[in-house]
Each structure stands twice: as structure tokens, then as C-alpha cells.
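# A structural walkthrough
Take a look at the letters that make up each chain.
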Amino acid sequence: MKEYWTSLASVLGVFAFCQTILQAVFPPELRFATVKLFNKIFHCFSSYCYFDITEIDGVNTNELYNAVQLYLSSSVSVTGNRLSLTRALNSSAFTFGLANNDTISDNFDGTTVLWEHVVTQRQSQTFSWRPLPEEKRGFTLRIRKKDKSLILHSYLDYVMEKANDIRRKNQDRLLYTNSRGGSLDSRGHPWESVPFKHPSTFDTLAMDPDKKKQIMEDLQDFAKGQGFYHRTGRAWKRGYLLYGPPGTGKSSMIAAMANYLGYDIYDLELTEVHNNSELRKLLMKTSSKSIIVIEDIDCSINLTNRKKTNNGGGGGGSRSYYDSGDIRGSGGGGGGGEDGGNSITLSGLLNFTDGLWSCCGSERIFVFTTNHIEKLDPALLRSGRMDMHVFMSFCSFPALKILLKNYLGYEESDLDGGVLKELEAVVDMARMTPADISEVLIKNRRKKDRAVVELLETLKIRAERNKSNATVRMGENDDEEDEEEQEKRALDSESPKEESEIEDNCNKKLEQEEEGGEGSGDEEKEKIK
Ligand SMILES: Nc1ncnc2c1ncn2[C@@H]1O[C@H](COP(=O)(O)OP(=O)(O)OP(=O)(O)O)[C@@H](O)[C@H]1O
Ligand SMILES: [Mg+2]
């Protein structure tokens, strides 16, 4: 044993001596060149090639390093013995990482590669504009020389793509706003973000199931359509215009879209943007896989400064949500179309949605919402800008069934056939929005039977009122101001008088029900189970 230690000490001694001689005799440049030469000779005889992916590239963070770290986290969590664990800000999951100087192999297209996580102490602090971490981190990728040209690029693309998927899955989606009015944050970003936690989904959205399915399929086709858009020479983006009366679910639909696709939302407040170039900068700072939203586009800026098309009374071309019913044509008037000190032009907005700049980045959805489609310039509505126009209407019978299920847990079979028929008969004529209907249901959610009775009463009264309004209107001449007033009344929530009428009717009905169904024959049978 003693001999062993003596020989080890002498070997180390000789090694240290040689090193001192080398350092003393050879200048650093020569030493460096010698090491390089040895490395070269070693690599000539090795059948592998190595790629270093450092955490910091110059002074910038290397995106590939983060991607590799995330990518490997999915496989090391299964195989590794000693792992590092992190949870990023806004993340809803833990990330496993390869421990320092540990290795892991991976398979791609039948080829095995080896990853090593290399961590070394950074030598003396060199000058830098920003403080660098004390440790130098990086990954070394080892690939067989013969496989290099075959897989390197596709493998790294695959790693990046997988990492993005993992990031999206782990991370809470974000809702961005430009409400700071053009000022930038410390990292030069014009957007502020908060975690996006809106619970609306396509399941909770009350609308015609066929229309819903069509939108969901369209979104799916878009998300999977990279190849298609590339082949057809189109920018990978899609525009949706959601229009309809207030409270019909336009904003809820945007949230459902984001939740469905897992995209972030950029809520663009146009009134906070001062000019076209600012608008362009905002666009450039959005990420792919996102939905860019402009709500109430007709109120944001004056959008008729390209050409006036729709003033002067509801001619054939203008559409509005009233077209589907029996009311009027054009909204006329400026609404909120004041410039308000900002100089965004319609052409600026058109370029934003469909100009050359709109293609920087990819996989983006533009959604505009409005209560008054007839006020928008047709240029904004054309395909390519707004590819799909979705009319969010008053509550229909299929939509009502969805609300009953979501709010009261009632399936169609849980309700009496007679009640269902009555609901179906009045719901269209009542022209109530899903927001109004959900309010009735929320109010009575502890007493489900009462909720249905009250809903039915409310619908009946609204339908009756609309019917008599329509009759009066048919008798009068079509004075525009008059119509506007009636429209307002139709959209108003029920008056106090109406409310007490509904209350009385409900109480009467429920009392009769409690009495045990002796009373009014047929009507009494039409009760909720
Ligand atoms: N189609 C719908 N399905 C389910 N809930 C709805 C629907 N429409 C409205 N609601 C309910 O009404 C509330 C208001 O809806 P939302 O904000 O989406 O309406 P909107 O069309 O965007 O209105 P506005 O035009 O005033 O912005 C939501 O919180 C939601 O609960
Ligand atoms: Mg809205």
C-alpha cells in the first residue's frame, strides 16, 4: 500500500514538474496551439463530431440552450437518477433537468446521439455590459460523423419544435395588453402581460352546434396548416370577425379560441396607439401561436377614412345583426369614430392585418369584434383580412339547451317535453342574448325548478313585447330615429315593471305546482321534473 502511494506521489510530482517547465518555457500562445493540435489529431481519429451549445452566446441568451434543456427534460424525467428541478415563472409544471456534467442519449430517425450538460466555473470576470453568471453552462451534442449531414438540421429543428410544445403545455397562457400607451418596459417590450385564466371553452359557449363545429374545424385546419399555407404562398394567418349585439359571446368566443388552440392573446387597444409605425412595432413584437384581438373595432378609431361606403341608410350591401331579424338597415352616424388625437389610418390598420408586415412571425390569428358590422369599411372585411365572419346572435333554442346544461346541469331529457316545446316556441321571438339568459339562470341556480319557470316567463314576456313592437312598426313609416329608439328598447334589459310581472307569474305557477296539480288540466302537466 505504501509503495502505491509513493509511486502515485512521484507520478503526480513528475506531472506537476512537467507542467511548470511547460509554463515556464513555452509562452501561453504556444501552449494553446499545442492543445489545439492535440485536439485536432484526436478529432481526426474520432468517429464522432461534437457541437457546443452554450447558455450565453456573446451577451445574448442562446435560445437553443433553453430549448435543449426543455426538450431533454421530457426524457430525463424517466431515465435520470440525479436531476435538477425548476419551475419557471408563470409555469404550471415542474421542469426536470440534466444534472451538471451528466449525459443522456437520445434517438432520432434511428440514430443515437449523446447529450452532455457541461458546467464549468467562469474564469476571471471579463468586461461585459451585463453581469454574467459565475458558471458557464452548455450542452455538448455528440453525433457520429457519418450521421451529421443526415440529421443535424432536422434534429435541431425537431428539438426546437418539441421544446416549444412543452413550453406551451407547461406555461400558463398570457394575455398581453398595450395599455401603457406606447412606452416600453425595461426589456424594450411594448406589451405587458398577465397570466390568462379565462374559463370559457367551446363546451361552455352557447351557440348553434353546427356553427361551433365549423369554427372549431376551421381553427384546427389553421393550426395544422403550415404545409398548406407554404404551398399556396399565403402568410400563415387567419382573420375572424365576430359581430353581433352586446352579450352574445364575442369575447367569450375569443377566450374559447385561445383555450382551444393554446395560444396567447394580444389585446390591442387601438386608442393607445399613436400612429401607424407604432402599430407596426406592436405587431413585430407579437409571438407566433397567438391571437391578436381588436375589440369593438368600430369604436376604436375612425375607420371610414379610406372611402365612405355605408352612410345614408342601409342599402343593399350593408349588413347588420338586425338583418337576421326584422329591424333596420344602417346604423349611420359616427358612433365612436373620433380620431381622439391618434393618427392611425385605415390603411395602417389594413396593412397591419394583411400587408407585408403582417407576415413577420407566423401562425397568428386576428380577431376583430364589433356590434356594428355595417360601420366597417368593406376593405377591412374582405377575405384575406377577415376570412371568416361569425355572426353571434341572440340565443337560439340549441344555444339555450347548452346554457341549461351548463348552468343547471339539465340535459334535454331532464326537462318535461311540454316545457321544452314552450321554450322552443318563444326563444327566437324573445331575442334575448345568452348574457341575459345566463343572468336569469345564475340568479336562481339554487332553485333549478324556479330558474326554468322564471326563464320561460321572461322569454314569453319578451317575445310578446317584440311581437307588439313589430306590429306597431309595420303600421308606422320607417323613420330612422324611431327605429333606433325601438332597437334600444329591444336591447334594454327588462324594466322593473316587467320584472315584477315575471316574479308574480313565477310565484303563481310554482304555487299551483305545489298544490298538487289539481288546477288547470293540460297546463299543469307542463312542469319541470
Ligand atoms: N354565447 C354565449 N355562451 C355562453 N355564455 C355567454 C354567451 N354569450 C354571453 N355569455 C355570457 O355573458 C357574458 C358576456 O359575454 P361576452 O362578454 O362574451 O359578450 P360580448 O358579445 O363580447 O359583449 P360585448 O359586445 O358587449 O363586448 C359572459 O361572461 C358570458 O358568461
Ligand atoms: Mg366583448
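Residues numbered from 1 in each chain as written. Chains lettered and ligands numbered in written order. Predicted model: local features only at pLDDT ≥ 70, side-chain atom pairs only at ≥ 80, totals over all residues. Heavy atoms only, no water.

Looking at an unreviewed UniProt entry, the protein chain carries the name AAA+ ATPase domain-containing protein, with the source organism given as Stylosanthes scabra. The annotation that UniProt attaches to the protein chain under Catalytic activity (unreviewed entry) is "ATP + H2O = ADP + phosphate + H(+)". (UniProt positions renumbered as here; feature names shortened; annotations may be inferred.)

### Examining the site of ligand 1
Looking at ligand 1, there are 15 residues lining it, with Ala 206, Gly 247, Lys 250, Ser 251 and Ser 252 nearest. Note that a nitrogen atom of ligand 1 is positioned 2.7 Å from one of the backbone N or O atoms of Ala 206. Ser 251 is positioned such that a nitrogen or oxygen atom in its side chain is 2.8 Å from an oxygen atom of ligand 1. Against a free-state accessible area of 620 Å², the protein chains account for coverage of 72% of ligand 1. Of the residues that constitute the shell around ligand 1, the class distribution is six nonpolar, eight polar and one charged. (Near = heavy atom within 4 Å. Polar contact = N/O pair within 3.5 Å; in protein donor to acceptor, adjacent residues only side chain to side chain. Areas by Shrake-Rupley, 256 points an atom, 1.4 Å probe, with all protein chains shown as cover. Nonpolar A, V, L, I, M, F, W, Y, C, P; charged D, E, K, R; others polar.)

### Description of a nonpolar patch on the surface
On the surface, Leu 37, Phe 38, Ile 41 and Phe 45 cluster together into a nonpolar patch covering about 490 Å² of accessible area. Residue position: Ile 41 is located in helix H2 (residues 28–45). (Patch = residues over 30% accessible without salt bridge, like charges linked within 9 Å, V, L, I, M, F, W, Y side chains within 5 Å. Salt bridge = Lys/Arg side-chain N within 4 Å of Asp/Glu carboxyl O. Helix = DSSP H or I, 4+ residues; strand = E, 2+ residues; numbered from the N terminus.)

### Looking at the sheet that holds strand S9 (residues 174–177)
Judged by pairing direction, the sheet is mixed, and its seven strands sit side by side in the order S10-S9-S12-S13-S14-S11-S15 without closing on themselves. Two strands close off the open sheet at either side, each with one partner strand: strand S10 (192–195) and strand S15 (388–391). In this sheet, neighbouring strand axes are inclined to one another by 20 degrees on average, regardless of whether the strands run parallel or antiparallel. Two elements, strand S12 (residues 264–267) and strand S13 (residues 290–294), share four bridges in a ladder whose sense is parallel. Bridging across to S13, Asp 264 finds its partner in Ser 290. Here helix H10 (residues 346–354) sits on the sheet in contact with strand S11 (237–243), S13 and strand S14 (364–370), set at roughly 140 degrees to S14. (Pairing = 2+ DSSP bridges. Axes fitted to C-alpha atoms, helices over the stretch in contact; angles between N-to-C directions. Contact = heavy atoms within 4.5 Å.)

### Digging into the packing of aromatic side chains
If you walk through the whole model with that rule in mind, you get 15 aromatic pairs. Taking the centre distance of 5.0 Å and the plane angle of 35 degrees together, the rings of Tyr 65 and Phe 139 count as tilted. Placement of the pair is Tyr 65 in helix H3 (residues 63–79) and Phe 139 in strand S8 (residues 135–144), with a sequence separation of 74 residues. There is no split in this pair, since Tyr 65 and Phe 139 are both buried. Here the aromatic rings of Trp 191 and Tyr 266 are separated by 4.9 Å at their centres, their planes lie at 70 degrees, and the arrangement is edge-to-face. With a gap of 75 residues between them, Trp 191 in the loop between S9 and S10 and Tyr 266 in strand S12 connect regions that are remote in the sequence. Look at Trp 191 and you get buried, because its relative accessible area is 5%. Counting every residue linked through ring pairs, the aromatic cluster contains Tyr 65, Tyr 71, Phe 108, Trp 115, Phe 139, Tyr 155 and Tyr 158. Directly above the ring of Tyr 48 sits Arg 142, whose terminal nitrogen or CZ lies 3.8 Å from the centroid. (Phe/Tyr/Trp six-rings, centres within 6.5 Å; stacked < 30°, edge-to-face > 60°. Buried < 20%, exposed > 50% of the residue type's maximum accessible area, 1.4 Å probe, protein only. Lys NZ or Arg CZ within 6 Å of the ring centre and 35° of its normal.)

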